[in-house]
Amino acid sequence: MIMFAQYVQGNTFGQVVKMAEAVTDFAKRCTDVDRDNPNCQKPLDRIFLNTICQEDNLPGFTDCCAKKDPERNDCFLSLKNSSKGFISPFERPNAEAACKNYSEHRHSLPGYFIYEVSRRHPFLYAPTILSVAIHYDEMMKDCCRSTEDSTHNLEECFRRQAPKVVKPIREDGLRQEHTCGILKKFGERTIKALKLVQISQKFPKADFFTVTKLVSDIANMHKDCCRGDMLECMRDREEILHYVCTNQDIISSKIKKCCEKPLLQRTECIVNAENDDKPANLSPQVREFIEDKGICERFAQEKDTHLARFLYEYSRRHPEFSAQMLLRIGKGYEDLLDECCKTGSPDNCCSRGEEELKKHIYETESVMKTSCDIYKEKGDYYFQNELLLSFTKKMPQLTSAELIKFTKQMTTIGSKCCQLSQDKLLPCAEENLDLVLGEICRRHLTNPINPAVCHCCSSSYALRRPCMGKLEIDEHYVPLSLTPDLFTFHEDLCTTEEEKLQHKKQEMLINLIKYKPQITQEQLTSITVAFTAMREQCCKEENREACFVKEGPELIKRSEKLLSA
């Protein structure tokens, strides 16, 4: 059902059910009375597409059905549309109506939920959809169990349990988009390097051959998944899980319980499992990659293998580093060998690499420590304001809603990661920040932001975070004009709802920076103090609106004078 809804998003629920039942019945016959039927020997994806193409009233897919495999499958994949608005968003019914619907259609409702999620998320992994469907059914069963009980708060029950359903769709979808974005922009070599680092950190006892096999298999899986080929995607994933769980003794001692779980729950469990302990005999350093006499010869003969082995050995020793930082270290090592192996004396040249490595580690740790110190000192709201000040100057082309959303996500990372111990801080902070920067870069692809952001998003995946961090004011940006509606002050500023007030103030802050990108901290502080005084004064007045109408333009005049000084 998931695959039919994802492939033919415009089909009705009834059409999808009919096709799913046809394939299920066919599969039963093939395992029973018709097992010798030649049609039973056909690949599953061909049977699946044949079923779609036998349907009437599929005008958008006639051309695809006329093609031969594998072009036919590629044609169907090219028509998948995940853009917002292609299918109308979910309309949330009130709690009582939802429970009435559940009581009347209890058996078909989970299937309908799967259908609706699948057609809106045509690239989302089937295991994620099946998993959230289980959570959805549990939520409906639990919240609707006692509709007769007057003390049972239906709305509160749904509000409390809905995140279990919605969060995995959003988070898994974001991670999948992120991985596919890296693959599309930077290619298979970068994805393989990223997976090599992550697997080496998680399974430090696994040998190089086992790790590189997993890297290759996972990269191939992502290629199929990112194309939207869900049959191959699931098949790849199942084969990887089988390999990992049947070779636990050489891979990890931390995944035994995961491998005992049902198939659908295994991937998430293994991904979230803690890193295995490092081997007891593992040397603290990898000096042979700098001191070995035959290093340049090996680099010349088998460059990618040599670099992969360096990344493997370095990553398994450093679970306290982020994957992105380890990729930068790997890139630094590659650049070092490129330079040193061209000289007559690589030994002297290579020894310089150790100092550069220490410098990079110190700089990265300092950036994260400084950010966390600011977060701990200022708290969520004022930390987000610091980010808004910085990112509005870097990316003034983003809307206020986008800037608030992205900086809110970064603030959440601060609250999540800054409380962790030093050995957990970097992986938590930089890997979560990488997801936000990936989202910004995908936004840039659909609607370009500015050349500086383009450079950071396109030049190097590993260097994306430091590149974004070094961006300053966009010199090509034309500031907003001071029109009458740019800054408006009304009595809704007197709201006692702190969250709403903070949102309004942040929108004003963004407009102020877009109006005057060169604003200094002193100027901003002065304007903030004047605004706070005006707000306090007007909110005490009997006619608040009249006060804001009078005092607002005066504040703008004084601020304009201050900014032009």
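Below is a short write-up of the structure. (Residues numbered from 1 in each chain as written. Predicted model: local features only at pLDDT ≥ 70, side-chain atom pairs only at ≥ 80, totals over all residues. Heavy atoms only, no water.)

Structural notes on the overall build of the protein
And then number 1: When you go through the protein residue by residue, the secondary structure sums to 27 helices and 0 strands.
And then number 2: The C-alpha extent of the protein, read off along each of the three principal axes, is 85 × 80 × 50 Å.
And then number 3: Sequence separation of at least 24 residues holds for 69% of the intrachain contacts in the protein that already meet a minimum separation of 6.
And then number 4: Carbon and sulfur atoms make up 53% of the accessible area of the protein, which amounts to about 30,900 Å² in all.
And then number 5: Distance between charge centroids for the protein: 1 Å, based on 81 positive and 87 negative side chains. (Helix = DSSP H or I, 4+ residues; strand = E, 2+ residues; numbered from the N terminus. Contact = heavy atoms within 4.5 Å. Areas by Shrake-Rupley, 256 points an atom, 1.4 Å probe, with all protein chains shown as cover. Lys, Arg positive; Asp, Glu negative; His and termini not counted. Charge placed at Lys NZ, Arg CZ, Asp CG, Glu CD.)

Examining the nonpolar core
And then number 1: In terms of nonpolar packing, the biggest core is built from 137 residues, with Ile52, Ile440, Met468 and Phe489 touching the most fellow members.
And then number 2: For this core, the element with the most residues is helix H20 (residues 346-394), which contributes 11 residues.
And then number 3: Not counting residues within four places of it along the chain, the set of residues in contact with Ile52 comprises Phe4, Tyr7, Val8, Met19, Leu58 and Phe76. (Core = buried A, V, L, I, M, F, W, Y, C linked by side-chain atoms within 4.5 Å. Buried < 20%, exposed > 50% of the residue type's maximum accessible area, 1.4 Å probe, protein only.)

What to know about helix H10 (residues 188-202)
And then number 1: Here H10 is 15 residues long and its end C-alpha atoms lie 21 Å apart, about the 21 Å a rise of 1.5 Å per residue gives.
And then number 2: When H10 is considered as a whole, its buried residues turn out to be Thr190, Ile191, Leu194, Lys195, Leu196, Val197, Ile199, Ser200, Gln201 and Lys202.
And then number 3: Residues of H10 that are buried in the fold lie against helix H9 (154-186), helix H11 (208-227), helix H15 (263-272), helix H18 (303-317) and helix H19 (323-340). (Expected span 1.5 Å × (residues − 1).)

Quick notes on the packing of helix H6 (residues 95-104) against helix H8 (residues 126-143)
And then number 1: Two elements in contact, H6 and H8, have axes separated by 10 Å at closest approach and are oriented at 105°. On the basis of their axis angle, the class for H6 and H8 is roughly perpendicular. Contacts from Ala98, Cys99 and Tyr102 of H6 reach H8 at Asp137, Met140, Lys141 and Cys143.
And then number 2: When its residues are assigned to classes, the contact of H6 with H8 shows 5 nonpolar, no polar and 2 charged. (Axes fitted to C-alpha atoms, helices over the stretch in contact; angles between N-to-C directions. Parallel < 35°, antiparallel > 145°, perpendicular 65-115°, else oblique. Nonpolar A, V, L, I, M, F, W, Y, C, P; charged D, E, K, R; others polar.)

Here's the deal with the packing of aromatic side chains
And then number 1: On inspection of all chains with the given rule, the structure shows 18 aromatic pairs.
And then number 2: On the numbers, 5.8 Å between centres and 40° between planes, the contact of Tyr112 with Tyr115 is tilted. Here Tyr115 and Tyr112 lie together in helix H7 (residues 109-120), a separation of 3 residues that amounts to about one turn.
And then number 3: Here Tyr112 falls in the partly exposed class, since its relative accessible area comes to 36%.
And then number 4: Geometrically, the ring pair formed by Phe186 and Tyr461 is tilted, given 6.1 Å between the ring centres and 55° between the ring planes. Separated by 275 residues along the polypeptide, Phe186 in helix H9 and Tyr461 in the loop between helix H23 (451-459) and helix H24 (464-470) bring together distant segments of the chain.
And then number 5: Using a relative accessible area of 17% as the deciding quantity, one classes Phe186 as buried.
And then number 6: Linked through ring pairs, Phe4, Tyr7, Phe48, Phe61 and Phe76 together constitute an aromatic cluster.
And then number 7: Directly above the ring of Phe123 sits Lys80, whose terminal nitrogen or CZ lies 5.5 Å from the centroid.
And then number 8: The residue whose ring lies beneath Lys213 is Tyr243, and the NZ or CZ to ring-centre distance is 4.7 Å. (Phe/Tyr/Trp six-rings, centres within 6.5 Å; stacked < 30°, edge-to-face > 60°. Lys NZ or Arg CZ within 6 Å of the ring centre and 35° of its normal.)

Focus: the side chain of Arg316
And then number 1: By secondary structure assignment, the location of Arg316 is in helix H18.
And then number 2: At 2.9 Å, the side chain of Arg316 and the backbone oxygen of Pro204 are in polar contact.
And then number 3: Among all residues touching Arg316, those that are not within four sequence positions of it are Ser200, Pro204, Ala206, Lys278, Pro279 and Leu282. (Polar contact = N/O pair within 3.5 Å; in protein donor to acceptor, adjacent residues only side chain to side chain.)

Section: the state of the cysteines
And then number 1: What the rule picks out here adds up to 16 disulfides.
And then number 2: The disulfide partner of Cys143 is Cys157, and the S-S distance across this bridge is 2.1 Å. Between Cys143 and Cys157 the disulfide shows an S-S torsion of about -85°. By sign, it is left-handed. In this pair, Cys143 is assigned in helix H8 and Cys157 in helix H9, connecting sequence segments 14 residues apart.
And then number 3: A relative accessible area of 0% places Cys143 in the buried class.
And then number 4: Two residues share a disulfide in this structure: Cys494 and Cys539, whose sulfurs sit 2.0 Å from each other. What sets the handedness of the Cys494 and Cys539 disulfide is the S-S torsion sign, and at about -95° it is left-handed. Highlighted residues: Cys494 in the loop between H24 and helix H25 (498-515) and Cys539 in helix H26 (residues 521-540), separated in sequence by 45 residues.
And then number 5: Distance from the sulfur of Cys454, which forms no disulfide, to the nearest cysteine sulfur (Cys457) is 7.3 Å. (Disulfide = S-S within 2.5 Å.)

Quick notes on H8
And then number 1: In this model H8 runs 26 Å from its N-terminal to its C-terminal C-alpha over 18 residues, within 8% of the 26 Å that 1.5 Å per residue would give.
And then number 2: Among all positions in H8, only Ala126, Pro127, Thr128, Ile129, Val132, Ala133, Tyr136, Met139, Met140 and Cys143 are buried.
And then number 3: Looking at the packing, one finds that the buried side of H8 touches helix H1 (2-7), H6, H7, H9, helix H12 (230-246) and H15.

Examining the side chain of Gln384
And then number 1: Tracing the chain through its elements places Gln384 in helix H20.
And then number 2: Leaving out residues up to four positions away in the same chain, Gln384 has contacts with Ile404, Thr407, Lys408, Thr411 and Gln506.

A few points about a nonpolar patch on the surface
And then number 1: Taken together, the side chains of Leu130, Ile134 and Leu264 define a hydrophobic patch exposed on the protein surface, amounting to about 230 Å² of accessible area.
And then number 2: With respect to the helices, strands and loops of the structure, Leu130 is situated in helix H8.
And then number 3: Since its relative accessible area comes to 31%, Leu130 is described here as partly exposed. (Patch = residues over 30% accessible without salt bridge, like charges linked within 9 Å, V, L, I, M, F, W, Y side chains within 5 Å. Salt bridge = Lys/Arg side-chain N within 4 Å of Asp/Glu carboxyl O.)

Regarding the packing of helix H21 (residues 400-417) against H25
And then number 1: Running from N to C, H21 and H25 cross one another at 115°; their axes reach a closest spacing of 10 Å. Overall, the two elements H21 and H25 adopt an arrangement that is roughly perpendicular. Crossing handedness for the pair H21 and H25: right-handed. Counted together, Ser400, Leu403 and Ile404 of H21 and His503, Gln506, Glu507, Ile510, Asn511 and Lys514 of H25 form the full contact between these two elements.
And then number 2: Taken together, the residues of the contact of H21 with H25 break down into 3 nonpolar, 4 polar and 2 charged. (Left-handed = near helix turned anticlockwise from the far one by under 90°.)

Some details on the environment of Pro70
And then number 1: By the secondary structure assignment, Pro70 is in the loop between helix H4 (62-65) and helix H5 (71-78).
And then number 2: Sequence spacing of Pro70 and Asp45 is 25 residues, and the spatial spacing of their C-alpha atoms is 9.6 Å.

This is a description of form; function is not addressed.
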